[in-house]
Amino acid sequence: MTKQKQSNGWATEELEHLDLGDKRLNERLTKICDSFSECPESPINQSCEDWAETKAAYRFFKNENVDVRDIRTAHRLKTAARAKKYKTVLAIQDSSYFIYTGHPKTEGLGRMSLKKGKNVEKIFSNGLIMHACLAVTTDGTPLGLLDQQIFARELRTAEQRKLVDVTPVEKKESYRWLQSLKNSKEVSSDTQVVTVCDREADFYEFFKLSDEIKSPVLVRANVNRAVNKSSRYTEKSVVKLWDYMAKQPKAGTITVELPSKRKTQHCKERAARSAILTIKHGSFLLNPPRNNIKHRSAELSDLLMHAVYVFEAKPPEGEDPVEWMLLTNLSVTNFSEAHEKVLWYCLRWRIEMYFKVLKSGFLVENCRLGNADRLIKYLTVMSIVAWRLFMVTLISRANPDTPCTELIAEHEWKVLFMKVNKAKCLPKKTPSIGAVVIWIARLGGFLARKGDGMPGTITLWRGWKRLTDLTDGWNLALNGGTCG
Ligand SMILES: [Mn+2]
């Protein structure tokens, strides 16, 4: 017999606008989300409670009538509603590769080249690209996805690669940045939505669209382009962005704590250190690229942009100086406006953490669904579950005083309290999210000693899983633990 579980209802609420065209499908997805959020790192068959449920989950991902866009829309609407409560929300875009090389039977995956170094031959892997736009408050709480695209890359021929300059942006893979910018604009109301991207989004069309649809962006500069050119063909006395910004007066300094960095293909190792950074800001005209195909048919305008240049004037010996050039079309006229942009850009890291939750935490690359369409559905669903857990982790840091009933059910915090505190009586007041998250993490092995910092997402859901086992027991033996 299947035991009836008391769900805390987050999935029911999150998917309230879901319309897959069939009530039973809606209900099935809600159930799947609940199951996955209880043991997100397990394969489908272990996440689901019994064989019938497992079969139903597989059937759901196989069902061709399920349109992932409907799932995204439901989550997007809720995300937009959450965003409405804030004056400013950051829409952080980034792409990540999901590798399914070890699954030769999976159909429809794109080949991606993962070049290992100059002298190494190209190595290809099979996989999918996820481009996501994560809404985050300016104090760092993730609100959900405002946009998501998951697709298999089409390999370009050598001929196509040569044609890059003359390909209109709509035909390039970089179009996904524009698409997400448009889609996140659609949901904004009175809230100011600022799109934040890394160097990949530093291209003229992106800034141009941002101006056109009045949806501001903050992007790290990638190209040391000539700026303030008086005409498209000016050659003489052109000034490059970095030189131009170096000449601006110093606006102030900030001290930041740099986390340690592991060695990667592109960066050397770095020990954690505290760095004093100089901030400069300035405005310039961003000129359209000379070889843009659209010059043929349209007049491309210069764009008024603002740059915030942040650099470490005196790095420790042997260390690379920290340096960021940030570009925005929001006006930056003083130190505090410049500093704010730096803080916003620092929150871009949230999307990297989010992808990490999906990959190293939820192990979504281990999923063995037989073709790309099914994997895309699965990744879409897991993305919502991952956001939920990620948010719980972070909200406990940003707003620890919120009552915990915003996140978990009454019976859950009660069981948790009794277990972790080995107590016989319950407190009269609902505990805060901050307290509850520490308790959940302690179930997951977190020691909560001085200096342990805040628990990570992975420890947290290990605790979450144990809590689910415990509340199952609680459901069976209700009416315990109340005293006068
Ligand atoms: Mn990126």
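Named according to an unreviewed UniProt entry, the protein chain is IS4 family transposase.

### Let's talk about helix α8 (residues 204–212)
With seven of nine residues buried, α8 lies mostly within the body of the structure. Listing the buried residues of α8 in full gives Tyr-204, Glu-205, Phe-206, Phe-207, Lys-208, Leu-209 and Ser-210. Looking one or two residues past α8, Lys-214 carries a phi angle of roughly 55°, positive in sign.

### What about the environment of Asp-139?
Here Asp-139 shows up in the loop between β3 (124–137) and β4 (142–151). We classify Asp-139 as partly exposed; its relative accessible area is 44%. Residues Asp-139 and Ile-395, 256 residues apart in the sequence, show an inter-C-alpha distance of 9.6 Å.

### Notes on the pattern of salt bridges
Under the criterion given, the structure shown has 15 salt bridges. Notably, a salt bridge pairs Arg-348 with Asp-94, separated by 3.4 Å at the nearest N-O pair. Of the two residues, Arg-348 is situated in the loop between α10 (335–346) and α11 (349–361) and Asp-94 in strand β1 (residues 88–99); the sequence distance between them amounts to 254 residues. Several salt bridges share partner residues, and in doing so they unite Asp-94, Asp-198, Arg-348 and Glu-352 into one network.

### Some points on the coordination of the manganese ion
Here the manganese ion is held by Asp-94 (OD) and Asp-198 (OD), and the distances to it run 2.2 Å. You can see Asp-94 sitting in strand β1 and its partner Asp-198 sitting in the loop between β5 (192–197) and α8, a full 104 residues away along the chain. Considered together, Asp-94 and Asp-198 belong to a single accessibility category, that of buried residues.

Basis of the calculations
Residues numbered from 1 in each chain as written. Predicted model: local features only at pLDDT ≥ 70, side-chain atom pairs only at ≥ 80, totals over all residues. Heavy atoms only, no water. Buried < 20%, exposed > 50% of the residue type's maximum accessible area, 1.4 Å probe, protein only. Helix = DSSP H or I, 4+ residues; strand = E, 2+ residues; numbered from the N terminus. Salt bridge = Lys/Arg side-chain N within 4 Å of Asp/Glu carboxyl O. Donors = N, O, S within 2.8 Å, 3.2 Å for Na, K, Ca; no water.

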